[in-house]
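What follows is the residue order along each chain.
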Amino acid sequence: MIQLSDVQQLDQGDPLAQYRAQFNIPAGTIYLDGNSLGVLPKTTPQRLHQVIHQQWGEDLISSWNTHQWIDMPLTVGAKIAKVIGANAEQVVCCDSISVNLFKALAAAIRIQQRADSGRTQIISTADNFPTDLYMVQGLQELLGQHQCELVLVSEAELEHSINSATAAVLVTEVNFRSGRRLNLQQLTQHAHDQGALVIADLAHSAGAVPLAITAWEIDFAVGCTYKYLNGGPGAPAFIYVAAPHLKAVQQPLQGWMGHARPFAFEANYEAAEGIQAYLSGTPSILALAAVDSALDIFADVDMKQVHAKAIALADLFDDLLEQFQLHTHFARLTPHAPEVRGSQLSYSHPDAYAICQALIARGVIADFRAPSYLRLGFTPLYLSFEDIWNAVEQLAEVLQQEEHLDPKWLAQRGKVT
Ligand SMILES: *Cc1c(COP(=O)(O)O)cnc(C)c1O
């Protein structure tokens, strides 16, 4: 039997407990949705205020130089690099995951074409995040199936489906529905042995799990900053490119910000050296400032510690479900072993949407993913063990009082779930 006092003791011994004070947590809220939109860091409003009023308001266009606006995609990229275990000069913060995937996919196809490998297939998983698959489908329509062909398999089949036709494996490390984590290092080793490249989507990994992107020899990686990195709604994404590829090929979205000399305004494109060539247009400085401020929190965070606490929070949640005898209502989708998990738990329930809404009405913010999944994100920098106790207590009350059966939840379904 787990007692509340046991849970409070876990908080007292928690080496990450001090970080909570750096975030704005609305009163009466237990936020289990940091895997979708991270909370607001307390320093961010002040930073944006300064960038808006002083840099934009007073210093105006000179700020591109005096406040180093022009370098922000690279300086913020270098901070992200530290969190994902990558070389600082190989990450740039820009655009969305979707757009960055297009650059990576097209570059990977070009690498295979240059090598005359005859490899044209992009292998991915059928339950990958849809935008990843849509980007391949778009490239396939543009280039024709003889140059780029999407092949979909299950996660279990992925490794063994790589063969002499595979140009690249497009893999999301942590599945957005199930929370299952694949072994990126092993997969990359295997793909390389087979002559294929790896494009990794780190949307649910960056800021959640320890990574060593450069050491694992990942070819291309993309990820977002608005989930576990707390960069704000619609914050710019990032892209990482392995050093040899930076020299070998260009990405096709050639914009002036990726030119070797943008302010020479030359008629012909000449790619900048290094990761800067993965920039296309003018960066959003306000958005980058928010990401920059959020990343300062990660400067001295040990990602192994972060992930260990996420696993402990999630395990406590699952154990309490059982203790409150709620587990029979839910089918757990997330695997059990810690090494194959990210930082979320997903459970299927026929009324998952209504349960989620009833929880939100009680101040416990989780999310719902079609068709029937209740998703809970465990963000160790601002969640306590006691939060988990309280969240399960609320869930028990929702179910005991059958609040989820109220038809009003289905009547007010929003565009975003
Ligand atoms: C959230 C998420 C995205 C989002 O892509 P954007 O283009 O940045 O909107 C992409 N892939 C995965 C796996 C995600 O979880």
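Just above sits the structure.
Residues numbered from 1 in each chain as written. Predicted model: local features only at pLDDT ≥ 70, side-chain atom pairs only at ≥ 80, totals over all residues. Heavy atoms only, no water.

Draft legend 1. Structural context of the packing of aromatic side chains. Scanning the model with the defined rule gives 11 aromatic pairs in all. Note on phenylalanine 23 and tyrosine 382: the rings are 5.0 Å apart at their centroids and 55° apart in plane angle, and the pair reads as tilted. Of the two residues, phenylalanine 23 sits in strand 1 (residues 23-24) while tyrosine 382 sits in the loop between strand 15 (373-377) and helix 13 (385-400), which places them 359 residues apart along the sequence. (Phe/Tyr/Trp six-rings, centres within 6.5 Å; stacked < 30°, edge-to-face > 60°. Helix = DSSP H or I, 4+ residues; strand = E, 2+ residues; numbered from the N terminus.)

Draft legend 2. Looking closely at the nonpolar core. Counting residues in each nonpolar core, the largest one holds 56 residues, and the members touching the most others are Ile84, Leu202, Ile213 and Leu381. Going through the elements one at a time, helix 4 (72-84), strand 4 (91-93), strand 7 (166-172), helix 8 (184-193), strand 8 (197-201), strand 10 (238-241), helix 10 (285-295) and helix 11 (303-323) are the ones with two or more residues in this core. The biggest single contributor to this core is helix 4, with six residues. Ignoring sequence-local partners within four residues, the contact set of isoleucine 84 consists of Val91, Leu202, Ala206, Leu211, Ala212, Ile213 and Phe238. (Core = buried A, V, L, I, M, F, W, Y, C linked by side-chain atoms within 4.5 Å. Buried < 20%, exposed > 50% of the residue type's maximum accessible area, 1.4 Å probe, protein only. Contact = heavy atoms within 4.5 Å.)

Draft legend 3. Here's a closer look at the packing of helix 12 (residues 352-361) against helix 13. Where helix 12 contacts helix 13, the two axes come as close as 10 Å, and the packing angle between them is 120°. With respect to helix 13, the element helix 12 is oriented oblique. In the packing of helix 12 onto helix 13, the handedness of the crossing is right-handed. Between helix 12, through Ile355, Ala358 and Leu359, and helix 13, the contact on the second element is made entirely by Gln394, Leu395, Val398 and Leu399. Tallied by class, the residues present in the contact of helix 12 with helix 13 amount to six nonpolar, one polar and no charged. (Axes fitted to C-alpha atoms, helices over the stretch in contact; angles between N-to-C directions. Parallel < 35°, antiparallel > 145°, perpendicular 65-115°, else oblique. Left-handed = near helix turned anticlockwise from the far one by under 90°. Nonpolar A, V, L, I, M, F, W, Y, C, P; charged D, E, K, R; others polar.)

Draft legend 4. Region of interest: the pattern of salt bridges. Evaluation of the coordinates by the stated rule reveals 18 salt bridges. Across the salt bridge formed by aspartate 292 and arginine 47, the nearest N and O atoms sit 2.7 Å from each other. Pair noted here: aspartate 292 is in helix 10 and arginine 47 is in helix 2 (residues 44-59), with a separation of 245 residues, a long-range link. The class for aspartate 292 is buried, based on a relative accessible area of 13%. Owing to a relative accessible area of 22%, arginine 47 belongs among the partly exposed residues under this scheme. A salt bridge links lysine 79 to aspartate 292; the nearest nitrogen and oxygen atoms lie 2.8 Å apart. (Salt bridge = Lys/Arg side-chain N within 4 Å of Asp/Glu carboxyl O.)

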